[in-house]
Structures are given as structure tokens and as C-alpha cells.
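# Residue-level structure breakdown
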Amino acid sequence: MKEKHNENVVDLFFANSIDLLCVADKNGLFVKLNPEWEKTLGYSLKELEGKPYIDFVHPEDIEATNKATKQLINNQQVDNFINRYRHKNGKYHWIEWRSFPADNKIFASARDITEKVTIEKRLQESEERNRSITSLTTDFIYWMDINNKGEKTITYVSDNFETLTGIKPEKIRILTDRNKLIHPDDLQKITDFNNRVIHKGENYSIDCRAIVRDEIRWINILGKPVRDISTGRVTSYYGAVKDITDRKMTELKLRESETRYRALIEEQVDLVSRYLPDTTLTFVNDAYCKFYGQKREDLIGNSYLFLIAPEFRDLVKEETRTLAENKGSVVGEYVNLRHDGEKCWIQWSVQCITNENNEVTELQAVGRDVSKIKETQEKVKELLVLRQTILDTMTAGIAYVIDRKIQWTNRALCNMFELEPDEVIDHDTSILYKDLDDYNRVGAKAYPAIKRSEIYSEVLETRKKNGDILYIHLTGKAINPKNINEGSIWMLQDITESKKAEEVIKKLNADLEKKVKERTRELYAVNKELELLAYSVSHDLRAPLRHIDGFIKLLFSSIESPGATITGYYEKIIAASKRMSLMIDELLKFSRLGRKELKIVPVDIALLIKEIIEQSKPDFAERNIKWEIHKLPTIPGDMFLLKIAFENIISNSIKYTSKKQAAQIIIGVKPSSKEHVTIFVKDNGAGFDMSNSNKLFGIFQRLHNTSEFEGIGIGLANAKQIITKHRGTIEAESEINKGATFYITLPKK
């Protein structure tokens, strides 16, 4: 009964204790816990009992907890042990334990000291902050009392005073002229300080220079007045002094740096501005103000977005926000509004400015008007489109090549090889050759040539993508022969059809050559027959003519007294016989001229004409002929034959000017081509009707009666045959009774 009573008492004690009570076995499992555990950790007793208590311990406290457990297993009591247990919500509570072993179990009582630990930690942090603030903000402090007469007495100086000045604190209290510690130029600041703190009762601070150990140092003096409650008079004040020399020097350097920076920025022609991440301007230079036509005071403190074209404002605002978040930099181009309202492209380079905590405080932007550059770029784009359009309308393939790699090409080249542009551009030119042998051979010849500023040209046999034969005429030239790395331009013309036509022409030429040879043989045979005929005519006709001439003379001599009629008949028969004999001779000469081989030598036409005129003088000895001979050339030809041709033409002019009292013959050169020369012979003679000009160069063709002008009509035919034999031409123009002009055109080479 007594044991039962004791158990009830223990259970009652467990249930009502405000401490955390528990029993655990030596395997580290909770055996029994009181309800206070549920309040402290949030777990039910069922969730805790039978569980390893180490599972609820903070990971950082497990090692210490295991060490304490070993002590208990070894029958050692553990007092004032502190560790952290996990609450059901995931937070940890600080628990202070008192544990002892008994009957193979561990009995423990504990308290939740989380609030106590938190308060102590805050107090500790507060003390640390106060110590840090004091050490950072104050070198020494002092207390100044002011009596009714306004006399000031230092009643307290902290020990740091000696560290700063080298003067012991007790000596400052009896120092008669404390103002000697202040730089003379800053004494007025001390007077102002005393007036504001003592007489006006204000909290006041000044920066001034102190003379410490023969060295000038900058100090900050802070005064806080203390008033008499009953009278309101300042009876004392608290003073704090800090050495700020390093800060002042830094400020001066920063001020100098800022001055130099501003001077540099103001001299910039670029637009410079600084602004907050919300786009509020904090600085702009003169160039910025002038460009936008705004005053600096109207810009600072306002967003710059109104200077951006409406269509870009949301983009710029979002980019500014993102840039500030990422602490980066960016270069972008946006349309802005100039002072005259015109839109223009500005290229902005923006950089974030951060403080010592790497927080973005401002953004700095440098802008440049790139409108003209953009216009140029647009024009370049248009020109590139125009260039490509022009190239694509060309029937010849065009390729721009650098280091034997195709940079761009036109549609004609792709179509020529039945390739797509992406199969050509950025590919080696070897794709355009039949094989690598051709590729290497052309490269070895072409590139040395274009380096010498030459235009390389060659006809190549290659293949289309489908394997069909393709003949191209390849032409290339370096853009800059002095620097072949700038590339070269190549033109490819498809000459496949002309090649095929050339083969057909070659075959036709071969057939024609064969036919010509056959015709030549036939003509040779005909000429031989004609030559025999001419010989036969000359031989067979001469004998009858001689007989006619002889018998007519015998007949006439046998008549004793021939009358006028018979004598006239006789003379006409004799004249006709002589004329026929002359015609036979001239016909023989004409046939021989056609068979004569040319002996080409340089012929001085001026000298030739002079000789002809000299030899013809007996024919016009008693006549008045005015000769006008211009400068005449030297040309290649057969001297003998050319002399015959010009003799016939000049004798023609002499004959047909015979009825003119003042005859005139002009021989000169008419402007013609580079390959030919045209010599003319002009007279003022009888002329002829141009409607009969087709008979002019025919054999035995005459445009005038024999009774008017002698001749048999074969001289001009001889002249034409000779000129034609020299690969030349002869033409004439005339008007009746106004003379005639003959044009003889001959090759210069």
C-alpha cells in the first residue's frame, strides 16, 4: 500500500511540476516525461516517449550531449548542462539540465531558459555596440561647469585626452590659456561654439584645427548643454572630442577629386549624367543641358524619361531597374528628343556606382549622338541591298573571296552550279572546281597574277551539282594588290552553250575547209583552162588579125585611084584591127594579174605617185593641170601591182580632165580606222552618172563614147583586181561635168 501511495505521489509530482521532468534509459530513449514537455516543445507525450532524445538535440550540441550522457552512464551526476531542443515548429529552445543516474535509468529535471539566453545575448550585443560606438566616435570626453558669472571650469576629462594631446587630464583643468591648443584661424569657431551651447543652449558641433605636439590635427567638438531646472540657465555642458584628421584629409582629397572630375566632365562634348535607380537625375554636364535645351536646375531632381522618345520610355525604365539589380553595365541606342524637338539616336553607355556595401547608389551614363552614324548605317544597308539586287540581276556569277573562301555571292552563281546560297557562302572555292588538281593549278597561277595587279582570266571545264559539264570563263582581280588579305572579286560566265556552238563551228569550219580545198582545186583547174583559153585566144586570134591587116593593105594598094569612100573604109578597118589587137593584149595582162603572187614590201605612196606623174608628163605636156599632192603614207604591198593600179586611176583623171581649160587633180588621205588607210584621187573632169556606177570596174565597160575619150575600158578593172588582191576596196563617187573621186582603202599592216 505504501509503495502504491508513493507512486501516486510521484505521478502527482510529475503532472504538476513547472519544470521539465523526464526519465530515460541508458540507451538514450525517453521513458517517461511530464506534460510540461508538450507545452515547451509542442510534441505530445506519445510523440516523445520511446524516442531517442538525441534526435531532438540541435546538431551543434550533439557532441556535448553525448559526452554528458557518457558521464551519467558512468554513474556521474551532471549539473547545469545547457543544450538546445527542437520545437515541433522547427525552432530551438535553450534547456538547462540537472541529471543523475539510478537503477539503470537517468532521472533529469530541466528548465526552458530560452528567454533568459535571448535577453543576455541582447545585453551582450548592446554592450558590444556601445563599446564600439564609443571607440569609433569619441577620442575623449569632458565636463564643463559654468558659474553665475559665466566663468568656465573643466571638472572632468577622460583618460583618452592624454593619448590625443600628450597632456595629462588633470593639467587641462589648471591650464590658463587653453585656446593655444586651437589653431588661430579657428578661434572664432570656438567663440561661436560657446555662444550656441552656453548662451543659446543648443546642441552644437564644429570641425576645427588643433595644435597637438607641434602638429596640426582636425578635431570635431560636440557640445550638449545641461540646464538648471528651476532657472533654465545652462550650468554645464558635456563635450565629446574626436580626431577627424584622416576623415578631413580624405574629404579634402575627395573634394579636389570631385572638382577635377567636374571640370573634366564639363569639358566633355559627350552627354554625361548621373541618376538614381528610379531615373531621378542627380548630375548633368553642360553638354547635356545644351543638347536638350534645358537648365540644370530644371533637370536635377526630376526623371530624365521625358527626354526619351515615348516609344522607348518603358524599355529604358525597365533596363534601368534591371541594371541596378544586377549591378552591371550596358551599352544601348535609343531615340531621344533634342532641344529643337527633333528625334535623334543617342548611344548610351551606362555604369552602376556602388557604395562600400556594394549597394547601387547611382548610375552614370555617357551619351553620344549617333544619328549620322545610324543614317550612314541605313544608307550602307540600302547600298548593300542595292548591290545584292544588282548582283542578282546579273547573268554572270559574282563572288567575293578572301583566302579562297567565298564571303558573298549572287543568285546567278548559285543557279549556274545548281547550289543553294548556304552551300556556297563561307565555303572554300574548291566546290566550284572539277577536281583538286584544277583547284590547285588555278590557285598557283591566279593569285600571283592578281598580286601583280593583273586581271586573271581562264576558261575552265567544271561540273554542276548534278554532274553535268559546265564551261565557265573565270575572271578575277584583287581589291588591293598590296594587301591580298582584303580579298578579290571573281566573275564566272557560263559559256557552255558557246562552247557547244564553238564545237559545231569547228566541225563546220573543218567541213568548209574541206569544201574550200575542193573548190580551190576546181578553181585551179578552171583557171588553168582559162589560162589556156586566154593563150589560145591570143594565139589563134592574132594570126587572123595579121592576115586581115595584111590582105587589107594589099587590097588597098592594088586599087590605083581609091576614092574618098574607099580610103575611109580602109582606115576604119585598120583602126578596128589595131583596137582588137590592143584588147587582146590587155585581156592577157588582166588574166596574168590574177595569177601573180604578191611580194609585200613597205611602199612609199608619195614616191610612187611622184614617179607615175613624171612618167605621164608626155600625155599632158601641152595641158594646164594643177596638181595638189597631200602628205601620203607608207603601207605594205606589192610595189609593182600598186603602181599599175594607181597608174590606171591617175591616167583616168588625166584623160577625163582633157576638155577642161584649168584641170585640177588632188591626191590625199581621208580619215579612216586604225587598221586601214584611205587614199583618194579627185579631179574636176567630165565625171559620170552614178546610176551607171555598177559598170565602172567591169571589163571593157565604158561610160563615155570612144569619140569623146579614147580607151578600151579595162584599166579600172585592173585597178580593182589589184586592190582586192591586197585585201582592200576601191569606190568612186561622181557627178556629171563636176569630176570624180576614187577612194582606195588598204590595210596598214
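From a predicted model like this one, the values you see are computed outputs, not experimental measurements. (Residues numbered from 1 in each chain as written. Predicted model: local features only at pLDDT ≥ 70, side-chain atom pairs only at ≥ 80, totals over all residues. Heavy atoms only, no water.)

## Thoughts on the side chain of Asp438
- In this fold, Asp438 is placed in helix H15 (residues 436–451).
- Judged by relative accessible area, Asp438 falls into the buried class, the value being 14%.
- Those residues within four positions of Asp438 in sequence are excluded, and the remaining contacts are Tyr433, Leu460 and Glu461. (Helix = DSSP H or I, 4+ residues; strand = E, 2+ residues; numbered from the N terminus. Buried < 20%, exposed > 50% of the residue type's maximum accessible area, 1.4 Å probe, protein only. Contact = heavy atoms within 4.5 Å.)

## Concerning the confidence of the model for the protein
- Averaged over every residue, the pLDDT of the protein is 81; the share at 70 or more is 84%.
- Note on residues 130–137: pLDDT under 50 across the span, and 4 contacts to partners over four residues away in sequence or across chains. (pLDDT = per-residue confidence, 0-100.)

## Thoughts on the packing of aromatic side chains
- Under the defined criterion, the tally for this structure stands at 22 aromatic pairs.
- An angle of 75 degrees between the planes, with centres 6.0 Å apart, marks the rings of Phe193 and Tyr237 as edge-to-face. Of the two residues, Phe193 is situated in helix H8 (residues 187–199) and Tyr237 in strand S10 (residues 234–243); the sequence distance between them amounts to 44 residues. When sorted by exposure, Phe193 lands in the same class as Tyr237, which is buried.
- What links up through ring pairs into an aromatic cluster is the set Phe30, Trp37, Tyr43, Tyr53, Phe56, Tyr85 and Trp97.
- Across the ring face of Tyr471, the terminal group of Lys499 is positioned such that the distance to the ring centre comes to 5.5 Å.
- Looking at Lys670, its charged tip hangs above the ring of Tyr743, at a distance of 4.9 Å from the centre. (Phe/Tyr/Trp six-rings, centres within 6.5 Å; stacked < 30°, edge-to-face > 60°. Lys NZ or Arg CZ within 6 Å of the ring centre and 35° of its normal.)

## Quick word on a nonpolar patch on the surface
- Together, Leu383, Leu386 and Ile390 line one region of the surface with nonpolar side chains, adding up to about 290 Å² of accessible area.
- Topologically, Ile390 is positioned in helix H13 (residues 371–393). (Patch = residues over 30% accessible without salt bridge, like charges linked within 9 Å, V, L, I, M, F, W, Y side chains within 5 Å. Areas by Shrake-Rupley, 256 points an atom, 1.4 Å probe, with all protein chains shown as cover. Salt bridge = Lys/Arg side-chain N within 4 Å of Asp/Glu carboxyl O.)

## Here we look at the sheet that holds strand S17 (residues 405–409)
- The sheet built from 5 strands is open, its strands ordered S17-S16-S20-S19-S18 with antiparallel pairing. Every other strand in the sheet has two partners, leaving S17 and strand S18 (456–463) as the edge strands with one partner each. Going from strand to strand, the sheet's axes swing by 30 degrees on average, the running direction of each strand aside.
- As paired elements, S18 and strand S19 (residues 469–478) share 8 bridges and run antiparallel to each other. Of the residues in S19, the one forming a bridge with Arg463 is Ile469.
- Packing of H15 onto the sheet brings it into contact with strand S16 (397–402), S18, S19 and strand S20 (488–494), and relative to S18 it is tilted by some 165 degrees. (Pairing = 2+ DSSP bridges. Axes fitted to C-alpha atoms, helices over the stretch in contact; angles between N-to-C directions.)

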